[in-house]
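# Structure assessment
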Amino acid sequence: MKLLKKIVGWGLSLFLASSILAVVVYKFLPVYVTPLMVIRLFQQAGEGESLKWHHTWVPMDEISPHMPVAVMASEDQRFLLHHGFDMNAIEKAARNNINGGRIHGGSTISQQTAKNVFLWPGRSWVRKGFEAYFTFLIELMWSKQRIMEVYLNSIEMGDGIYGVEACAEHHFDKEAIDLTRPQCALIAATLPNPRKFSSKDPSPYIKRRSVQIQHQMQFIPSFPKEGEDFDPNTSSGGVYRNHRKK
């Protein structure tokens, strides 16, 4: 029993140390590969498909300023205001699910980033627990700008396409910095299921959704640059003043 306790203790200590180290490292270094990218390669190979892996890391200042606004409007309008978990969205999603509506997860951009970079896809309680842990760590150690930068560079945006630079190149034949407001809204509209929906060949539903996102973008004037202040008392992040990220 004592040996088992020691093994568990050492295992837990190793996990805590390695996970914290990984979060610290990725605070500064680009994320070139994620578990999902590797999983997709195995899935493609298993299904006899040609391997597809398109991913190019670009810094935040080489991404269209419309892109972070579009994903906030679509995925997490309170991104700048919460600390990783939007309790309002979680409560709303839970209520909707209980009432038999379409299943929603209520995941924030921070949670999605934690899942994309450190974990595997799935809905088990174990993975959700790890997701909460890594979300807490990145919110503690990274700025909102860094979280957004990693998110936009790592999220799946098409079949074998990861990150906004690869998406811009393969779907719009341009660089991420040159994406227009409507194009950013189209990309954001596909994010709930980028393997089913395409920003290159948008369905009528995606076109309607992108119009809705552009409307919501009007209430999020811009995404603050690193070190820039924003006002946490406005409903959508409105004017970025009087608040500094830890």
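Residues numbered from 1 in each chain as written. Predicted model: local features only at pLDDT ≥ 70, side-chain atom pairs only at ≥ 80, totals over all residues. Heavy atoms only, no water.

## Quick word on the sheet that holds strand S1 (residues 54-55)
As a reminder, the rule being used: Two strands are counted as paired when DSSP detects at least two bridges linking them. Working definition: helices are DSSP H or I runs of at least four residues, strands are E runs of at least two. Numbering for both runs from the N terminus.
Taken together, 3 strands build an open sheet; the order of strands is S1-S3-S2 and the sheet is mixed. Both outer strands of the open sheet, S1 and strand S2 (156-158), are each paired with one neighbouring strand and no more. In this sheet, strand S3 (residues 161-162) lies alongside S2 in antiparallel orientation, the contact comprising 2 bridges. The partner of Gly-158 across the bridge, within S3, is Ile-161.

## Considerations on a negative patch on the surface
The criterion, for reference: Note that patches include only residues with greater than 30% relative accessible area and no salt bridge, and the join distances are 9 Å for like charges and 5 Å for nonpolar side chains (Val, Leu, Ile, Met, Phe, Trp, Tyr). The accessible surface values rely on the Shrake-Rupley method and a 1.4 Å probe; as for residues, cover is taken only from the protein chains in view. Salt-bridge detection follows one rule: a side-chain nitrogen of Lys or Arg within 4 Å of a carboxyl oxygen of Asp or Glu. Counted as positive: Lys and Arg. Counted as negative: Asp and Glu, with His and the chain ends omitted from the count. Charged side chains are reduced to one point each, which is NZ for Lys, CZ for Arg, CG for Asp and CD for Glu. Buried, partly exposed and exposed residues are distinguished by accessible area as a fraction of the type maximum, computed with a 1.4 Å probe on protein chains only: under 20%, between the cut-offs, and over 50%, respectively.
On the surface, Asp-61, Glu-62, Glu-169, Asp-173, Glu-175 and Asp-178 cluster together into a patch of negative charge. Counting through the fold element by element, Asp-173 comes out in the loop between helix H8 (164-172) and helix H9 (181-190). Look at Asp-173 and you get exposed, because its relative accessible area is 69%.

## A closer look at the packing of aromatic side chains
Each aromatic ring pair is summarised here by two numbers: the centre-to-centre distance and the angle between the ring planes. Here is the rule: Note on aromatic pairs: the rings of Phe, Tyr and Trp (six-membered ring only in Trp) are paired at centre separations within 6.5 Å, and the planes decide the class, stacked below 30 degrees, edge-to-face beyond 60, tilted for the rest. We count a charge as sitting over a ring when the NZ of a lysine or the CZ of an arginine lies within 6 Å of the ring centre and within 35 degrees of the ring normal.
Tallied over the full model, the rule gives 10 aromatic pairs. Relative to Tyr-133, the ring of Phe-15 lies with its centre 5.4 Å away and its plane at 35 degrees, an arrangement referred to as tilted. Residue Phe-15 is found in helix H1 (residues 2-26), and its partner Tyr-133 is found in helix H6 (residues 125-141); the two are separated by 118 residues along the sequence. For the ring pair Phe-15 and Phe-134, a centre distance of 6.4 Å and an interplane angle of 85 degrees mean the geometry is edge-to-face. Of the two residues, Phe-15 sits in helix H1 while Phe-134 sits in helix H6, which places them 119 residues apart along the sequence. By relative accessible area, Phe-15 is classed as partly exposed at 27%. Through pairs of rings, three or more aromatic residues link up here, namely Phe-15, Tyr-26, Phe-118, Trp-120, Phe-130, Tyr-133, Phe-134 and Trp-142. One residue, Lys-144, lies across the ring of Phe-79, its end atom 4.5 Å from the ring centre.

## What about the packing of helix H3 (residues 66-75) against H9?
Applied cut-off: The convention used is that axes are lines fitted to C-alpha atoms, helices contributing only their stretch in contact, and that angles between N-to-C directions extend from 0 to 180 degrees. Any angle that is under 35 degrees is reported as roughly parallel, and any over 145 degrees as roughly antiparallel; angles of 65 to 115 degrees are reported as roughly perpendicular and all others as oblique. By the definition used in this description, the sense in which the near helix is turned from the far one sets the handedness, with an anticlockwise turn below a right angle giving left-handed and a clockwise turn giving right-handed. In what follows, residue pairs with any heavy atoms lying within 4.5 Å of each other are defined as contacts. Throughout, the ten residues Ala, Val, Leu, Ile, Met, Phe, Trp, Tyr, Cys and Pro are labelled nonpolar, Asp, Glu, Lys and Arg are labelled charged, and all others, Gly among them, are labelled polar.
H9 packs onto H3 with a crossing angle of 40 degrees between their chain directions and a minimal axis gap of 8 Å. Between H3 and H9, the interaxial angle falls into the category oblique. Classified by chirality, the crossing of H9 by H3 is right-handed. Between H3 and H9, the contacting residues are His-66, Met-67, Ala-70, Val-71, Ser-74 and Glu-75 on the first element and Arg-181, Cys-184, Ala-185, Ile-187 and Ala-188 on the second. Looking at the contact of H3 with H9 residue by residue, the class counts come to 7 nonpolar, 2 polar and 2 charged.

## Observations regarding the pattern of salt bridges
For the structure on display, the rule yields 9 salt bridges. Measuring nitrogen to oxygen at the nearest pair gives 3.6 Å for the salt bridge that ties Lys-52 to Asp-159. Taken together, the residues span a long stretch of sequence, with Lys-52 in the loop between helix H2 (35-46) and S1 and Asp-159 in the loop between S2 and S3 at a distance of 107 residues. Among the salt bridges present, the one from Arg-127 reaches Glu-131, with a minimum N-O distance of 2.8 Å.

## Notes on the state of the cysteines
Operational definition: When two cysteine sulfur atoms are found within 2.5 Å, that pair is recorded as a disulfide.
Taken as a whole and judged by the stated rule, the model has 0 disulfides. Considering cysteine sulfurs only, Cys-184 is the nearest to Cys-167, which forms no disulfide, with 9.4 Å between them. On the accessibility criterion, Cys-184 (0% relative accessible area) is buried.

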